[in-house]
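Here is how the chains run, residue by residue.
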Amino acid sequence: MTSPELPVTTGRQLGRRSWAEPWKIKMVEPLRMTTRAEREEAMAEAGYNTFLLRADDVYIDLLTDSGTNAMSDRQWSGLLLGDEAYAGSRNFYELEDAVRRYYGYQHVVPTHQGRGAEHLISQIAIRPGQFVPGNMYFTTTRTHQELAGGIFEDVIIDEAHDPQSEYPFKGDVDLGKLERLVAREGAQNIAYVSLAGTVNMAGGQPVSMACVRALRGLCDRHGIRLFLDATRMVENSFFIKEREAGYAARSVAEILKEFCSYTDGAWMSAKKDSLVNIGGWLALNDRALFEDARNLVVVYEGLHTYGGLAGRDMAAMAIGIAESVQEEHISSRIGQVRYLGELLDVAGVPFVKPVGGHAIFLDARRFYPQLSQDDLPAQTLAAELYLDSGVRGMERGIVSAGRDPKTGENHHPRLELTRLAIPRRVYTQAHMDIVAEAVQDVYASRAEAKGLTMAYEPRFLRFFQARFERL
Amino acid sequence: MTDEPYRTIIEPFRIHSVEPMRMTTRAERVAALAAAGYNLFELHSQDVLIDLLTDSGTGAMSAEQWAGIQRGNEAYAGAPSFYRFLDAVTTLFPFRHVLPTHQGRAAEKILFTAIGRPGLVVPNNTHFDTTRANIEFSGAQAVDLPVPEGLVPSVRHPFKGNLDVAALDRLLAGRADTVPLVMVTVTNNSGGGQPVSMANLRAVREVCDRYGKPLFLDACRFAENAWFIREREPGYADVAVADIVREMAGLADGMTMSAKKDPLANMGGWLALNDDDLAEQCRSLEILTEGFPTYGGLAGRDLEAIAQGLTECVSEDYLRYRIRSVAYLGEALEAAGVPVVVPFGGHAVFIDARAMLGHINPLRYPGQSLACALYEEGGVRSCEIGTVMFGLNPDGTETPAAMDLVRLAIPRRTYTQSHMDYLIEVVARVAKRADSLPGMRIVSQPRQLRHFTARFEPVG
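Being a predicted model, the structure only gives us computed values, none of them experimental. (Residues numbered from 1 in each chain as written. Chains lettered and ligands numbered in written order. Predicted model: local features only at pLDDT ≥ 70, side-chain atom pairs only at ≥ 80, totals over all residues.)

Visitor: Whenever I open this one, the overall build of chain A confuses me. Can you help?
Guide: Scanning chain A for helices and strands turns up 17 helices and 14 strands. A globule of 471 residues ought to have a C-alpha radius of gyration of about 23 Å, and chain A, at 22 Å, matches this closely. For chain A, the spread of C-alpha atoms along the three principal axes comes to 60 × 50 × 45 Å. Partitioning the intrachain contacts of chain A with sequence separation of at least 6 by distance along the chain shows that 71% fall at a separation of at least 24. (Helix = DSSP H or I, 4+ residues; strand = E, 2+ residues; numbered from the N terminus. Rg over C-alpha atoms; globule rule 2.2 N^0.38 Å. Contact = placed C-beta atoms within 7 Å.)

Printed below as a string of structure tokens:
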């Protein structure tokens, strides 16, 4: 019941009860405000690529939710308790325990971050010429698969490519597509199925338990291995609890472990779900494959009991894993992302629905209908948003999709998105209000946007370092 | 009253934070060693009393470095912590491009992925294990060209780390087109932590210029090397260490670096170079395996710790203490009749296991045997640098390494003089029964870098 004499909270205005974070702030980091003129100069200097901005020139940094999290006081204590022994550090065994307990895999190899683990799994599990079917590509994952000689094949359901579809599990694999690929190429030519939960490029969309269970059956029938990109699997588990029949009364931790139990191993960027600033791991149930990974990790990353991480960072990761599956944490995390979505929805801004776990993905095609995809609408939107208010987002469209390694032609993904990724436990509701107003204002002046063209294009993962010019 | 300096050189710091150690019994150590397959890399650190496995990443940071850890900015792109790091690196090493990496071997990986391929040869005074592995992984060949003195543990020479310039000249005269670059490792770790003189670097530069070859430093222990130049090379006694470092860098075209050594950090490294095209290629590779070029796979806080560490490690008071405390250990072992590599290097004392355990054939790994005995005797963890580390050829055959050493690497600012006194007693006790130590046999090993994961058993 609201009383008209009292100030009305945003939650009430949106017709629901407000939520609050299950923590209070212990340490802060000042932000710098900039003027429009300063931002114009900074953006031009950065070649209209938000990756090339100096962080000091950014007000609210939604470039990524990767490694940008605020750690808890317990995690900071873990930093001080770091055991920096080169071999056999106590913190390695803490990490190994946490991965076994919460993800359920047998063997753990730490890596300095997720792409280190992607590199390892690609090198040890792909023979040149083999196919790697997956539920939509991810930039670094596909690049490592291709460098190992693999051929990525997208087997995600069609709904994933439709930003307006409200399907609850837009990360699911289309089993028919996968069966047809196996029939066409033969099971021996499939390196493994590469399953990501949630699917970043589709908008942080989850995979259902029914899907992974069915995939397990399919893989068993054909003798194919199933590996999981577990980067945001805790967020995925929360969506299963909310949306999938039979899981409402199960804990997120139980759901996570059940999901992982259908897979043969996983690679992880702990910089997302696990609430740390650096770190990752590869976990495998197969002993022989683990031996291969262990022998290779020392060449690229570091000895297998530190994998290129300081002991303190393994300590923080082990604690972060335990914190990440707490129900209050994960519901407040996803609640904040949804809150931003609600504010944008009210204003009619087009974005991918349903709202995913870690980010709002603005639909740049509908935002800028006057621009063709070759005018780089999502890159344009990221630049405009920064210019308007110092909010930094990231292009996830044609620039990120890169070129076909065989033909050299640009991939033209159906989704042309600008991602506003929300770091965990970092920004407040007031910060989200600022972001919402910025997006609303840029939307109001959308007719003036002219697009961008690429002036410098690096060979691999071009979105990171490309430079652009205004059209 | 006198201004004469004291003979005792004290630590130029006091202790800000401590970490408890666990004592073990001999029976516990015997069991732990067997469970680890007689490979000290496989021991749990909690079963180790004095951990001299490596000086890499094991140093104690200063209060200012910990403050940097708190200050770290974790922005994915363009973090202020990166720019502080960049400033600190280019102040000492004024190269045009600096690419942070999660540690030194990643810098090597990027460099040799970019320039290595079958048929090429990369010369160095002595390649370290990960350098060699990364070169061989690219299909190229890693060639060691140390001066002859560098291979004789008992010969005293002020710069045993020098590269054999005549041998380099001969190599380049014969097959210059197959050499993509020349490397010099300062200090020469595998050769006993021995320094390289400025004169030698200058001579190598001159040969490189004649053949148009770039010169890269593997600069992990640049500050210790610069200190030895200051102490031992004519004309440098009054030159600041930072200036000596800049002069060394000025002779090179690039460097690979592990910040876990001299820069006093627990994690980190970088690749720096002047060549714009190569830098662009390396940056693309960096993104693939490390991270975006303004964090390179490191937390922002680690970039801060490195930046601060770089200002501390060129301090003359610090280096005097550092080098003196290693020599203290070396002198005591020498006095106890233990054969050690002389003169003492910067970061470690190297015991000549082949001389000490003359009854063990090099292919029965005298260094591994001695390292295991030191652990069993007193919970001291050291590292074999010999036939286990370098003896396995890419074709699977095995040849004895040039030397069989056991390295007692001293973590920076971590252990006290009484820790060293205990260690000296442990080594002396093992030395008394050296004749009775068994050789070792490899039970299982990987194809590369076998010393990290191989399993052993004593024979005889």
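Visitor: What am I meant to see in the overall build of chain B here?
Guide: A tally of regular secondary structure across chain B gives 16 helices and 14 strands. At 21 Å, chain B has a C-alpha radius of gyration in line with the 23 Å of a compact globule built from 460 residues. Referenced to the eigenvectors of the C-alpha coordinate spread, the extents of chain B come out at roughly 60 × 55 × 45 Å. In chain B, which comprises 460 residues, the share counted as buried stands at 58%. (Buried ≥ 20, exposed ≤ 12 C-beta atoms within 10 Å, placed from the backbone.)

Visitor: Explanation requested: the sheet that holds strand β12 (residues 405-409) of chain B in the structure shown.
Guide: Hydrogen bonds between backbone atoms are what pair the strands of a sheet, whose relative direction is either parallel or antiparallel. Residues and elements named next belong to chain B. The strand order β9-β12-β11 describes an open sheet built from three strands, whose pairing is antiparallel. Either end of the sheet is taken by a strand with one partner, and the two such strands are β9 (348-352) and β11 (383-385). Mean inter-strand twist for the sheet, computed between neighbouring axes without regard to direction, equals 35°. With five bridges joining them, β9 and β12 adopt antiparallel strand pairing. Residue pairing across strands places Asp352 opposite Leu405, the latter belonging to β12. (Pairing = 2+ DSSP bridges. Axes fitted to C-alpha atoms, helices over the stretch in contact; angles between N-to-C directions.)

Visitor: How should I be thinking about the packing of helix α2 (residues 36-45) of chain A against helix α15 (residues 377-389) of chain A in this particular structure?
Guide: Working note: a packed helix pair is described by the angle between its axes plus the distance between those axes. Residues and elements named next belong to chain A. Orientation of α2 relative to α15, taken along the N-to-C sense of each, is 150°, at an axis distance of 8 Å. In terms of their interaxial angle, α2 and α15 are classed as roughly antiparallel. Counting all contacts with α2, which are made through Arg39, Glu40 and Met43, the residues of α15 involved are Ala383, Tyr386 and Leu387. (Parallel < 35°, antiparallel > 145°, perpendicular 65-115°, else oblique.)

Visitor: Looking at this structure, I do not really get the pairing of strand β3 (residues 121-124) of chain B. What am I missing?
Guide: The side chains of a regular strand alternate between both faces of the sheet. Residues and elements named next belong to chain B. Sheet topology places β3 next to strand β4 (residues 141-144); four bridges connect them, and they run parallel. Paired with Asn124 across the two strands is Asp144, which belongs to β4. For the segment spanning β3, helix α5 (residues 129-137) and β4, crossover handedness is right-handed. (Right-handed = clockwise from strand over helix to strand, strands pointing away.)

Visitor: What am I meant to see in the interface of chain B and chain A here?
Guide: Accessible area lost upon the coming together of the parts serves often as the stated size of an interface. Facing 44 residues of chain B, the contacting portion of chain A comprises 45 residues. Counting only elements with at least two residues in the side of chain B that touches chain A, the list comes to α4 (104-115), α5 and α10 (276-289) of chain B. Sorting elements by how many residues they give to the side of chain B that touches chain A places α10(B) first, with five residues. Of the residues belonging to the side of chain B that touches chain A, the class tally is 21 nonpolar, 18 polar and five charged. (Nonpolar A, V, L, I, M, F, W, Y, C, P; charged D, E, K, R; others polar.)

Visitor: Explain the sheet that holds strand β9 (residues 359-363) of chain A to me, please; I cannot follow it from the model alone.
Guide: All names here are of chain A. Taken together, three strands build an open sheet; the order of strands is β9-β12-β11 and the sheet is antiparallel. The sheet is open, and its two borders are formed by β9 and β11 (394-396), each paired with just one other strand. Strand-to-strand, the axes of this sheet are offset by a mean angle of 35°, without reference to chain direction. Inspection of the sheet shows β11 paired to strand β12 (residues 417-421) by three bridges, in the antiparallel sense. By the bridge assignment, Met394 is partnered in β12 with Arg419.

Visitor: Help me understand the domain arrangement of chain B in this model?
Guide: Residue and element names in this part refer to chain B. Here chain B is partitioned into domain 1 (26-48 + 316-459) and domain 2 (63-313). The centre of domain 1, based on its C-alpha atoms, is set 26 Å off from the matching centre of domain 2. Taken together, the elements giving at least two residues each to the side of domain 1 that touches domain 2 come down to α12 (316-335) and β9. If you tally residues by element for the side of domain 1 that touches domain 2, the top one is α12, at five residues. Tallied by class, residues from the side of domain 1 that touches domain 2 come to 17 nonpolar, four polar and four charged. (Domains from an automatic or database assignment.)

Visitor: Quick question: what am I supposed to make of the domain arrangement of chain A here?
Guide: All names here are of chain A. Here chain A is partitioned into domain 1 (10-61 + 327-470) and domain 2 (73-324). At the level of elements, α13 (327-346) and β9 are the ones that each hand at least two residues to the side of domain 1 that touches domain 2. Of the residues forming the side of domain 1 that touches domain 2, the biggest block, five residues, is contributed by α13.

Visitor: I would appreciate a short explanation of helix α6 (residues 165-175) of chain B in the present structure.
Guide: Owing to its 3.6 residues per turn, the α-helix brings residues three or four apart onto one side. Residues and elements named next belong to chain B. Residues Leu168, Leu171 and Leu172 constitute the buried set of α6. Buried residues in α6, looked at end-on, bunch into an arc of 90°, giving them a common side. Exposed residues on α6 whose side chains face more than 90 degrees from its buried face are Ala166, Arg170, Ala173 and Gly174. Of the surrounding secondary structure, the elements contacted by the buried residues of α6 are β3, β5 (182-185) and α7 (198-211). (Arc of directions from axis to C-beta.)

Visitor: What's the story with the packing of helix α14 (residues 366-378) of chain B against helix α16 (residues 417-432) of chain B in this structure? I'm lost.
Guide: All names here are of chain B. It is at 9 Å that the axes of α14 and α16 come closest, and there the two elements cross at 120°. In terms of orientation, α14 lies oblique with respect to α16. As α14 runs across α16, the sense of the crossing is right-handed. Residues Ala373, Leu374, Glu377 and Gly378 of α14 form the contact with α16, whose own contacting residues are Val426, Val427, Arg429 and Val430. Grouping the amino acids of the contact of α14 with α16 by side-chain chemistry returns five nonpolar, one polar and two charged. (Left-handed = near helix turned anticlockwise from the far one by under 90°.)

Visitor: Got a minute to help me understand the pairing of β5(B) in this structure?
Guide: Residues and elements named next belong to chain B. Residues of β5 alternate between two faces, with Val182 and Val184 on one and Met183 and Thr185 on the opposite face, all of them buried. The pairing of β5 with strand β6 (residues 215-218) spans four bridges and is parallel. Bridge pairing in β6 links Met183 to Phe216. Traced from β5 through α7 to β6, the parallel crossover comes out right-handed.

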